[in-house]
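So you can see what is in the structure, the chains are spelled out below.
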Number of protein chains: 2
Amino acid sequence: MLPDQQFLRIPGPTPIPPSVQRAMNQPMIGHRDQETKELLHSISPKLKSVFGTNQNVLMLAGSGTAGLEAAVLNAVHPGDDVLVIVTGAFGDRFAQICTEHDIATHRYDVEWGEAVNPGSIEEYLKKHPHIKAVFATLCETSTGVLNPVKELARLIRQHSDTLFIVDGVSGVGGADVKMDEWGIDVLITGSQKAMMLPPGLTFAAVSERAWKVMEANTRPSFYFDLTKYRDQLENDATPFTPALSLLYGLKHVTELIEQEGLQEVFSRHRQMMNMIRAAFKAHDIPLLTSDEAASPTVTAMKPDDFDPDTLRKVLKNEFKLTVAGGQKHLKGHIFRIGHMGYCSQADILQTISMIEVGLRTIGKPVELGKGISAAQETILTGGS
Amino acid sequence: MLPDQQFLRIPGPTPIPPSVQRAMNQPMIGHRDQETKELLHSISPKLKSVFGTNQNVLMLAGSGTAGLEAAVLNAVHPGDDVLVIVTGAFGDRFAQICTEHDIATHRYDVEWGEAVNPGSIEEYLKKHPHIKAVFATLCETSTGVLNPVKELARLIRQHSDTLFIVDGVSGVGGADVKMDEWGIDVLITGSQKAMMLPPGLTFAAVSERAWKVMEANTRPSFYFDLTKYRDQLENDATPFTPALSLLYGLKHVTELIEQEGLQEVFSRHRQMMNMIRAAFKAHDIPLLTSDEAASPTVTAMKPDDFDPDTLRKVLKNEFKLTVAGGQKHLKGHIFRIGHMGYCSQADILQTISMIEVGLRTIGKPVELGKGISAAQETILTGGS
């Protein structure tokens, strides 16, 4: 095995583009100096287009979970009832955050591997008109499901003034999302997924409607008070010390996205998803999600005749290829490939080639090259 | 196309391991300071094993060609006749250097794509006993031929006191070479091939026998005077300012080689060669060299039904995959894949996958996955 080579194909953290690594490699500057203001000023407009919003996108030093908790703390008034749509481990985390803060939390649980049916949420809200906020996951990292957030937003908006709060952590930057046009009230993501950065930065964008709710909120919160971030960002500043090297990297990431073109970025992610799905279908290895519910950033396989964790071990030992296992009750039953951010069609061809060798190594008599050729056909026919 | 991603599969320069990039990224030090002495002192013993010699391996700031010229200038006395074995563009370069310095140069030309037959050199030397030095190429980068240097050394040594001088530029570090045991008198290489470094450093190791010839040489030479490098290196120093960042990187490279194990490094290179050869054989795309003459570091294909340069253009445009074309009269007739240094079996699977897609794109109706599966089989059967 070649030292110093590894293939990270988990759904985050994801590989960092070399030029982003270089961009982060800069001397520290004063976080109240003009250089920091200029850095924030140059990033801000470019982030808006990734989020599909005219709102400023707030940046907090913290993991994605910090962003989720900030959304809860700011958007939910004491005494409010909320609905959390749980389609996997990260929906479950949103619910945990709410219950931790003694919020009256209604769960709408969906079988893991399936997307939520928007009609059923509409029904639920009709029966429970006092719900003040609905929490959903754009891409459920634990299952590779892309929830129908656009349709959810439309239905929620049509029938109530309930806030719609979306965890976009493994979606934003890889999956198309139009916050303003669709009617999302709060959209959160993290730096270490499709945003091609190390972990440590979380992003939140907030609608005008949600700002009104947040401004009136009496729930105590200091570091997570999003109005502070909003007010400071209007002057190209942050309320607390920002993660400066990540901001250097972020500036370069937004330039890379602009260079490739945002629609091209989304199309590349869809093509990688189609390549992986075609490859495993060719090998009759079941996919956890249907084509309709599939995320462009994460794909989960649920094999019925081999142990996914044995395969993962072989891939790690033979090739230093890391793919993810299952979480919670899916542990030991699925394996997941992350294909977002700094990941190309060529990387997917390589990943599938290694997995085919790994499958043979663990004794599954797959026909070598069969999955690859299905993925190659996807490129040639332009499937995205 | 993903910005900031490229696949460099030419026979040098080759990709740099990320940890080597980091190792080079150090502040400058004084080239006469203790730190530089310690750097040279730590590198020296590890280089010896890569060259298969007990001699100190000299390091000059310069390209591989600088090393070749230094060998000529030091080893050939004014008035000497030399024999240059030319099996491709780099054998030809050795001959050019000799004629540039008005050396009586005998050429032994071999059809490009074939290895030299050692018996014919033995015959030649019997007929021309006044030849003082034989120049040969270990791996002929322009054709992917590995010449039988061990057998050449044995025959030359058996029949004369002629010096045997070997250009190891795209071989050393990827192909097994035992300078002392085989009886090579001068072995040269460069930093940018199997040594996993940027260009800018050339290496030369010299046998006791060759040192005697060099010491007695009256040919004028200043920067290229190898005895200066030898004498200084005995005190962990260099006669002229060394390429310090490359030395930082080199120290780390020798550690990476030690970590993988030298025999493992050679075996990885042979397996990559076998994978590529199996893949193109599966597609009936002719290889330029026979299996017997094949180099573990470079492979050339000579297609008979498509234009290799059209394929190269498509690979570059579609995937940012760079493979090399032909040189001199092979230009437009072959394409070459470099598979040395920081390159793994997984990288070869990826390269072949992309080439299959490229072949279909230029209209050659290859069966997708066929070459890949042949390469995958090579891994599974452990072919190295």
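Where an unreviewed UniProt entry is consulted, chain A appears under the name Aminotransferase class V, with the organism given as Lentibacillus kapialis. Taken directly from UniProt, the Sequence similarities (unreviewed entry) text for chain A runs: "Belongs to the class-V pyridoxal-phosphate-dependent aminotransferase family." As its UniProt record puts it under Cofactor (unreviewed entry), chain A is described as follows: "pyridoxal 5'-phosphate".

Some remarks on the pattern of salt bridges
All names here are of chain B. One pass over the full model with this rule turns up 38 salt bridges over all chains. The salt bridge partner of Lys281 is Asp291, with a shortest N-O separation of 2.9 Å. Taken together, the positions of Lys281 in helix H11 (residues 262-282) and Asp291 in the loop between H11 and strand E11 (298-301) put the pair 10 residues apart, joining distant regions of the chain. The class for Asp291 is partly exposed, based on a relative accessible area of 42%.

Re unusual backbone geometry
In this structure, A:Pro13 follows A:Gly12 across a cis peptide bond, with omega equal to -5°. Position of A:Pro13 relative to the elements: it lies in the loop between strand E1 (7-9) and helix H1 (18-24).

Quick word on the interface of chain A and chain B
Listed as interface residues are 39 residues of chain A and, on the opposing side, 39 residues of chain B. Where chain A abuts chain B, roughly 3000 Å² becomes buried across the two surfaces, and 61% of that area is made up of carbon and sulfur atoms. Here chain A and chain B share 2 salt bridges between them. For A:Glu377, the salt bridge is made with B:Arg360, and the minimal N-O distance between the two is 3.2 Å. Our count for the chain A to chain B interface comes out at 21 residue pairs in polar contact (both at pLDDT 80 or more).

Considerations on the pairing of strand E4 (residues 104-109) of chain B
All names here are of chain B. Relative to E4, strand E3 (residues 81-86) is paired through 6 bridges, and the arrangement is parallel. Directly across from Val86, in E4, lies its bridge partner Asp109. Note on the crossover from E3 through helix H4 (residues 89-100) to E4: the handedness is right-handed.

Topic: the layout of surface pockets
Each pocket or cavity is described by its volume, and for the largest pocket that value is around 1600 Å³. Lining the largest pocket are 34 residues, and of these A:Pro18, A:Tyr342, B:Ile16, B:Pro18 and B:Tyr342 lie nearest its centre. Elements with a contribution of two residues or more to the lining of the largest pocket: E1, H1 and helix H13 (345-361) of chain A together with strand E1 (7-9), helix H1 (18-24) and helix H13 (345-361) of chain B. Residues that form the lining of the largest pocket fall into these classes: 12 nonpolar, 12 polar and 10 charged.

Observations concerning the nonpolar core
Residue and element names in this part refer to chain B. The biggest cluster of nonpolar side chains holds 88 residues, and the ones touching the most others in it are Phe135, Phe164, Ile165 and Leu250. With 8 residues, the top contributor of residues to this core is helix H10 (residues 244-260). In this structure Ile165 touches Ala71, Ala75, Phe94, Ala133, Val134, Phe135, Ala136, Val186 and Ile188, once residues within four positions along its chain are discounted.

What to know about the sheet that holds E11(B)
Residues and elements named next belong to chain B. Strand order in this open sheet of 4 strands is E1-E12-E13-E11, and the pairing throughout is mixed. For this open sheet the edge positions go to E1 and E11, each flanked by a neighbour on one side alone. In this sheet, adjacent strand axes meet at a mean angle of 35° when their direction is disregarded. Bridge analysis of E11 against strand E13 (residues 335-338) gives 4 bridges, and the strand direction is antiparallel. Among the inter-strand pairings, Val298 is bridged to a residue of E13, identified as Gly338. Running over the sheet, helix H12 (residues 308-319) touches E1, strand E12 (321-325) and E13 and is turned about 160° from E12.

What counts, and at which threshold
- Residues numbered from 1 in each chain as written.
- Chains lettered and ligands numbered in written order.
- Predicted model: local features only at pLDDT ≥ 70, side-chain atom pairs only at ≥ 80, totals over all residues.
- Heavy atoms only, no water.
- UniProt positions renumbered as here; feature names shortened; annotations may be inferred.
- Salt bridge = Lys/Arg side-chain N within 4 Å of Asp/Glu carboxyl O.
- Helix = DSSP H or I, 4+ residues; strand = E, 2+ residues; numbered from the N terminus.
- Buried < 20%, exposed > 50% of the residue type's maximum accessible area, 1.4 Å probe, protein only.
- Contact = heavy atoms within 4.5 Å.
- Buried area = accessible area lost by both parts, 1.4 Å probe.
- Polar contact = N/O pair within 3.5 Å; in protein donor to acceptor, adjacent residues only side chain to side chain.
- Pairing = 2+ DSSP bridges.
- Right-handed = clockwise from strand over helix to strand, strands pointing away.
- 1 Å grid on protein atoms, 1.4 Å probe; cavity = no way out; pocket = protein on both sides within 12 Å on 5 of 7 lines; lining within 4 Å.
- Points joined across faces, edges and corners; volume = space filled by probe spheres on them.
- Nonpolar A, V, L, I, M, F, W, Y, C, P; charged D, E, K, R; others polar.
- Core = buried A, V, L, I, M, F, W, Y, C linked by side-chain atoms within 4.5 Å.
- Axes fitted to C-alpha atoms, helices over the stretch in contact; angles between N-to-C directions.

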